[in-house]
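One-letter residues, chain by chain:
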Amino acid sequence: VHSAMPQAVPEHVVKKRKAQEAIAAERQATLIKERKENKEARKAMIVRTAKYHKEYKQTAADLVRFRREAKKHGNFFMEPEPKLVLVVRIKGINSVDPKTRKILQLMRLRQINNAVFMKVNSASINMLRLA
């Protein structure tokens, strides 16, 4: 037998529903906001990538132009030196003199087959010559 009056919902159930609805609404709002921010970030990345691509293309074209100008005028073109080197230790610890050992220690090459990237400058070149 159905009664005409609806049953009353307990107060704690109503409170919990309201809290869950508020949490869901807040979560939805943050999700929308994050999606918008991610979209803007992706656009910015694409623009930045295009800028870098253009810059690298320009430097490559400049190198070709400089080589051609030098050849045209009968000069030599000095190729740009690398700014970074990868140094790998290929010799073990046996029969390594103290100075070389200290240099390898400064370069953080303590084990065989360890490698480090180093900036190329006069100090690093001299260290590599001595090592």
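None of the values given here were measured: they were computed from a predicted structure.

A. Inspection of the overall build of the protein at higher detail. Secondary structure summary: the protein contains three helices and two strands in total. When the helices and strands of the protein are placed in sequence order, the string is α-β-α-β-α. Over its C-alpha atoms the protein spans a radius of gyration of 33 Å, topping by over 25% the 14 Å that the globule rule assigns to 131 residues. Oriented by its inertia axes, the alpha-carbon framework of the protein measures out at about 105 × 55 × 25 Å. For the protein, the residues scored as buried account for 9% of the 131 residues in total.

B. Molecular detail of the environment of Arg 129. With respect to the helices and strands, Arg 129 occurs in helix α3 (residues 122-130). Placed 115 residues apart in sequence, Arg 129 and Val 14 show a C-alpha to C-alpha distance of 78 Å.

C. The environment of Lys 91, seen in detail. Among the secondary structure elements, Lys 91 is positioned in the loop between β1 (84-88) and α2 (98-106). What makes Lys 91 partly exposed here is its relative accessible area of 48%. With 20 residues separating them in the primary sequence, Lys 91 and Gln 111 have C-alpha atoms 8.6 Å apart.

D. Region of the structure containing α2. Taken residue by residue, α2 has Thr 100, Ile 103 and Leu 104 as its buried positions. Burial along α2 is one-sided: seen end-on, the buried residues are contained in an arc of 100°. In α2, the exposed positions that point more than 90 degrees away from the buried face belong to Pro 98, Lys 99 and Leu 106. Where α2 is buried, its residues meet α3. Positioned one or two residues after α2, Arg 108 has a phi angle of 60°, which is positive.

E. Spotlight on the side chain of Thr 100. Inspection of the secondary structure puts Thr 100 in helix α2. Thr 100 sits in the buried class, given a relative accessible area of 13%. Among residues more than four places away in sequence, those in contact with Thr 100 are Leu 130 and Ala 131.

F. Broad picture of the side chain of Arg 89. Inspection of the secondary structure puts Arg 89 in the loop between β1 and α2. Despite being buried, Arg 89 has no salt bridge partner; Asp 97 is the closest side chain of opposite charge, sitting 9.4 Å away. Side-chain polar atoms of Arg 89 contact the backbone oxygen of Leu 109, separated by 2.7 Å. Apart from residues no more than four positions distant in its own chain, Arg 89 is found in contact with Val 96, Leu 104, Leu 109, Arg 110, Gln 111, Ile 112, Asn 113 and Asn 114.

G. The packing of aromatic side chains, seen in detail. Applying the stated criterion across every chain, the model contains two aromatic pairs. Relative to Tyr 56, the ring of Tyr 52 lies with its centre 6.4 Å away and its plane at 20°, an arrangement referred to as stacked. Of this pair, Tyr 52 and Tyr 56 both sit in helix α1 (residues 11-72), four residues apart, which is roughly one turn of that helix. Judged by relative accessible area, which is 39%, Tyr 52 ranks as partly exposed.

Reading the values: rules and limits
- Residues numbered from 1 in each chain as written.
- Predicted model: local features only at pLDDT ≥ 70, side-chain atom pairs only at ≥ 80, totals over all residues.
- Heavy atoms only, no water.
- Helix = DSSP H or I, 4+ residues; strand = E, 2+ residues; numbered from the N terminus.
- Rg over C-alpha atoms; globule rule 2.2 N^0.38 Å.
- Buried < 20%, exposed > 50% of the residue type's maximum accessible area, 1.4 Å probe, protein only.
- Arc of directions from axis to C-beta.
- Contact = heavy atoms within 4.5 Å.
- Lys, Arg positive; Asp, Glu negative; His and termini not counted.
- Salt bridge = Lys/Arg side-chain N within 4 Å of Asp/Glu carboxyl O.
- Polar contact = N/O pair within 3.5 Å; in protein donor to acceptor, adjacent residues only side chain to side chain.
- Phe/Tyr/Trp six-rings, centres within 6.5 Å; stacked < 30°, edge-to-face > 60°.

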